[in-house]
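Letter by letter, the chains look like this.
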Amino acid sequence: MTLKWSILDQSPIVEGETGADAFRHTVELAQLADKLGYNRFWVSEHHDGPLAGSSPEVLIAYLIDKTERIRLGSGGVMLQHYSPYKVAENFNVLATLAPGRIDLGVGRAPGGLPRSTQALQRGVTEPQSLAEKLDELAHHVNRTLPDDHALAGIQASPPAAQPADIYLLGTTVGSSELAADQGVNYVFAEFINGDPAAVKEALALYRERFKPRTAGARPQPIVAISVVVADTDEEAERLAIDIKNIRVTLADGRTLNLSTIAQAEEFGKQSGQAYTITERTPEIIKGSKETVRAQLLKKQQEYGVDEFIVVTLLKRFEQRLHSYELLHEAFAEVSRQT
């Protein structure tokens, strides 16, 4: 099974830098990924925090002009805040500008603190579940709205000759079940939920329950992983030591993963509920080229996927860039040997 490699970039604003710096780094990384032959480059959506990427559609439009062949997408649009029709139109514009290069990744998390959720949802008059929104979005993107639908006859403009591919991002069996029922592609974010048993269960359910929307469609699971590659195992261990998963759990049982303890505390305060915060060391594939290659090939066999989306959460851009270069070299060397 040939492995494909992709990148999820979160456009972090690190101490001493600005949003403009973060976007400059994102563009440079996208161009490197394009040059090296990575399969796709996704940008995230976050609000009211230390990540610059609040509008993936706008950033993707800019990246179209800065790259040549790599697929570009969202990882992911927080559909719960928006009209499926408007999201479909945004991505139809992108897919028309760059035919065959656009992915529409949909996230399940709110993408920010309760205050930003309130701001994003002001004026919403017809609440829908995520399942309803995802179904409607797929119909709008693919121009398959049924005749008995309340919006029958409407079309998302412009009609795209090659519509964006839709992906649901998640970290639970529930998300894989939703992706399977809706017949869309699925990405399990192992860099958030690093429990191998949870990954395997979610992927198995997705494959078993997948209901194709179109003839010939098949389940296409991807796993998003955290990777740090350095010149030596020791350096990779040192670089990865500061990467933590911060989870806030509210009294009503809801959980959210955030970048810092300060963000988690602010989320808890804004929620108006009692809350607890836990700090965990995430699942990170780390080491030299040789070490990481062996770990990733093992993980490929374990999960049975042919594509990984890589997240490298290092603060210094030069270190992130070098990690992606080394990852490419690790598997380019395998190709030359076979």
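Preceding this paragraph is the structure being described.
Everything in this summary refers to the structure shown in the same document. Worth saying up front: this structure is predicted, and the values here are computed from it rather than measured. (Residues numbered from 1 in each chain as written. Predicted model: local features only at pLDDT ≥ 70, side-chain atom pairs only at ≥ 80, totals over all residues. Heavy atoms only, no water.)

Section: the overall build of the protein
Then comes step 1: Along the protein, the regular secondary structure elements total eleven helices and twelve strands.
Then comes step 2: Put simply, the protein has 338 residues, and 50% of those count as buried.
Then comes step 3: For the protein, restricting intrachain contacts to residue pairs at least 6 apart in sequence, the fraction spanning at least 24 positions comes to 73%.
Then comes step 4: In the protein, which carries 35 positive and 45 negative side-chain charges, the distance between the mean positions of the two groups comes to 1 Å. (Helix = DSSP H or I, 4+ residues; strand = E, 2+ residues; numbered from the N terminus. Buried < 20%, exposed > 50% of the residue type's maximum accessible area, 1.4 Å probe, protein only. Contact = heavy atoms within 4.5 Å. Lys, Arg positive; Asp, Glu negative; His and termini not counted. Charge placed at Lys NZ, Arg CZ, Asp CG, Glu CD.)

A few points about the side chain of Lys299
Then comes step 1: Within the secondary structure, Lys299 sits in helix α10 (residues 289-303).
Then comes step 2: The exposure class of Lys299 is buried, given its relative accessible area of 6%.
Then comes step 3: Once you skip the residues sitting within four places of it in the chain, Lys299 turns out to touch Glu190, Ile225, Glu283, Ile285 and Phe308.

Some words on the layout of surface pockets
Then comes step 1: When its volume is computed, the second largest pocket comes out at roughly 410 Å³.
Then comes step 2: Along the wall of the second largest pocket there are 17 residues; nearest its centre are Asn142, Asp165, Gly183, Asn185 and Thr214.
Then comes step 3: Breaking the lining of the second largest pocket down by element, the ones donating at least two residues are α5 (130-142) and β5 (165-170).
Then comes step 4: Top contributing element to the lining of the second largest pocket by residue count: β5, with three residues.
Then comes step 5: Residue composition of the lining of the second largest pocket, by class: eight nonpolar, six polar and three charged. (1 Å grid on protein atoms, 1.4 Å probe; cavity = no way out; pocket = protein on both sides within 12 Å on 5 of 7 lines; lining within 4 Å. Points joined across faces, edges and corners; volume = space filled by probe spheres on them. Nonpolar A, V, L, I, M, F, W, Y, C, P; charged D, E, K, R; others polar.)

Digging into the packing of aromatic side chains
Then comes step 1: With the rule as written, the count across this model stands at six aromatic pairs.
Then comes step 2: Aromatic side chains Tyr38 and Tyr324 sit 6.3 Å apart centroid to centroid with 90 degrees between the ring planes, which places their arrangement in the edge-to-face category. Taken together, the residues span a long stretch of sequence, with Tyr38 in the loop between α1 (19-36) and β2 (40-43) and Tyr324 in helix α11 (residues 317-337) at a distance of 286 residues.
Then comes step 3: A relative accessible area of 3% means that Tyr38 is categorised as buried. (Phe/Tyr/Trp six-rings, centres within 6.5 Å; stacked < 30°, edge-to-face > 60°.)

Points about the environment of Val14
Then comes step 1: In this fold, Val14 is placed in the loop between β1 (4-9) and α1.
Then comes step 2: Relative accessible area serves as the criterion here: at 19%, Val14 is assigned to the buried category.
Then comes step 3: In this structure the C-alpha to C-alpha distance between Val14 and Phe317, which are 303 residues apart in sequence, comes to 9.3 Å.

Everything listed is a geometric property; what it means functionally is a separate question.
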